[in-house]
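Close look at the chain arrangement
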Amino acid sequence: MIPTLGSFRRIVLKVGSALLVDRAKGRLNHAWLAALAEDVAELHGRGADVLVVSSGAIALGRSVLGFGLAPLKLEESQAAAGVGQIALARFWSEVLAHHGITAGQVLLTLGDTEARRRYLNARATLSKLLELRAVPVVNENDTVATSEIRYGDNDRLAARVATMVGADLLVLFSDIDGLYTAPPASDPGARHIPVVERITPAIEAMAGGAASVLSRGGMRTKIEAGQIAAAGGTHMLIADGRPKNPLRRVGEGARCTWFLTPSSPATARKTWIAGSLETHGAVRVDEGAARALRSGASLLPVGVTEVSGGFARGDAITVTGPDGRVLGRGLAAYDAAEAVRILRRSSREIEAILGYPGRAEMIHRDDLVLLAGAGADETAG
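Below is a summary of the structure that appears in this document. Computed from a predicted model, the values in this text were never measured in an experiment.

Below, the discussion takes up the overall build of the protein chain. Counting secondary structure elements, the protein chain contains 14 helices and 17 strands. Its C-alpha radius of gyration of 23 Å places the protein chain within 12% of the 21 Å reference for a compact globule of 381 residues. In terms of its C-alpha atoms, the protein chain occupies a principal-axis envelope of roughly 70 × 45 × 40 Å. Within the protein chain, the fraction of its 381 residues that count as buried is 54%. Across the protein chain, the fraction of contacts at a sequence separation of at least 24, relative to all contacts at a separation of at least 6, is 72%. Looking at the protein chain as shown, the accessible area adds up to about 16,700 Å², and 52% of this sits on carbon and sulfur atoms. Counting 43 positive and 40 negative side-chain charges, the protein chain places the averaged centre of each group 1 Å from the other.

And the structure:
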């Protein structure tokens, strides 16, 4: 069954350069962006968390620097991004502020979603912005990213961001209203596909190339984004972003393609922690902490009695009870050496001990899975 937009609590919107920038004039499409901000405000107003992954920095900067539409060298792209990113952030800040919404800029590279420590730092920043009811505006950090450390398109970056923050919906706005059996521009017999329940080799074969000189993506990267999203428990839809208020139009029944997943972000994350990670150490907890974990609480330093192994922050570690029996596993919020220093101590003492205000939890409940037999609800964490 196709879901409704109103059923989602955390939504990532990906906006491409070809939609934001008027190619003929090399300037921002102000009227379109203002209309999209209305859509964002509607979602935000009903309580949903909204993140935007926005292209456009290079497209804006190249016009200011007089580069035109010819292919750019790496250093020219980075220079254009440096100029354009300032303008892009200002535009988003202004259109969202019109609705009383604060925007926050977050620039990422491939390594920020691949390296575990940087991934956790980026996730913590995005989570805090959402907690404060801001709208993070994310873009690839094109001023420093080179071919070996970049995504090269914001479709896959948006999918990584969506799974990073536990979004339940990813919306990719494009210059087409979804997936077709063949590129409709060259095949008049191409059929629109409204729902994709699973991305198969046949679905992958339907993807074409990039359609715009300002865009580095295409249907192929959108299919790849769909695979990333589905693995993280995130639904995805591809919609035509060219008309004003494109998200409102989807809600009113405009044609699009839904990519569904049978999982949820929380379930997918728990499954990944439980079965896909090698553990790098362990912590033993007292009986009080063990009871708290079984009831769905996070693991606090005060309940930890022993630390073993050489794990780093973000590594998977085993959690054992006072009798040594394995209770579960989770992602450590501290390096092993730091964990040793704060075990048995109150979270209020962490800053005085370590010299910086760290996480209150040794393992947050969202990063913890209780194994079968450890408690009544093995996924509550």
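Pairing between sheet strands relies on hydrogen bonds along the backbone, with the strands arranged either parallel or antiparallel. In space, the eight strands of this open sheet follow the order S5-S6-S4-S1-S7-S11-S12-S10, with mixed pairing throughout. In the strand order of this sheet, the two ends are held by strand S5 (103-108) and strand S10 (195-196), each with one partner. Strand direction decides the pairing type here: strand S1 (residues 10-15) and strand S4 (residues 49-54), joined by six bridges, are parallel. What sits directly across from valine 15, in S4, is serine 54. Across the sheet, helix H2 (residues 30-45) touches S1, S4, strand S6 (135-140) and strand S7 (169-174), and the angle it forms with S1 is around 170°.

The end-to-end C-alpha separation of helix H9 (residues 219-231) is 19 Å, in line with the 18 Å expected for 13 residues at 1.5 Å each. What H9 keeps buried is the set Met219, Thr221, Lys222, Ile223, Ala225, Gly226 and Ala229. If you follow the buried residues of H9, they end up packed against helix H7 (154-164), S7, strand S8 (179-180), helix H8 (201-205), strand S11 (235-240) and strand S12 (256-259). With its phi angle positive at about 80°, glycine 233 sits one or two positions after the end of H9.

For arginine 133, which is not a glycine, the phi torsion comes out positive at approximately 65°. One can find arginine 133 in the loop between helix H6 (116-131) and S6. Under the relative-accessibility criterion, arginine 133 is labelled partly exposed at 29%. The backbone phi angle of arginine 344 is positive, close to 70°, even though this residue is not glycine. One can find arginine 344 in the loop between helix H13 (336-342) and helix H14 (350-354). On the accessibility criterion, arginine 344 (47% relative accessible area) is partly exposed.

On to the sheet that holds strand S17 (residues 368-370). Spatially, S14-S13-S15-S16-S17 is the arrangement adopted by the five strands of the open sheet, whose pairing is mixed. One side of each edge strand has no neighbouring strand; the edge strands of this open sheet are strand S14 (304-309) and S17. Going across the sheet, the axis of each strand differs from the next one's by a mean of 25°, ignoring polarity. As paired strands, strand S13 (residues 279-285) and strand S15 (residues 316-320) are joined by four bridges and run parallel to one another. Opposite valine 283, over in S15, you have valine 319 as the bridge partner.

A separate point is the side chain of lysine 14. Checked against the element boundaries, lysine 14 lands in strand S1. On the basis of relative accessibility, which here comes to 7%, the residue lysine 14 falls in the buried class. Polar side-chain contacts of lysine 14 include one of 3.1 Å to the side chain of aspartate 155.

Scoring rules and cut-offs
- Residues numbered from 1 in each chain as written.
- Predicted model: local features only at pLDDT ≥ 70, side-chain atom pairs only at ≥ 80, totals over all residues.
- Heavy atoms only, no water.
- Helix = DSSP H or I, 4+ residues; strand = E, 2+ residues; numbered from the N terminus.
- Rg over C-alpha atoms; globule rule 2.2 N^0.38 Å.
- Buried < 20%, exposed > 50% of the residue type's maximum accessible area, 1.4 Å probe, protein only.
- Contact = heavy atoms within 4.5 Å.
- Areas by Shrake-Rupley, 256 points an atom, 1.4 Å probe, with all protein chains shown as cover.
- Lys, Arg positive; Asp, Glu negative; His and termini not counted.
- Charge placed at Lys NZ, Arg CZ, Asp CG, Glu CD.
- Pairing = 2+ DSSP bridges.
- Axes fitted to C-alpha atoms, helices over the stretch in contact; angles between N-to-C directions.
- Expected span 1.5 Å × (residues − 1).
- Polar contact = N/O pair within 3.5 Å; in protein donor to acceptor, adjacent residues only side chain to side chain.

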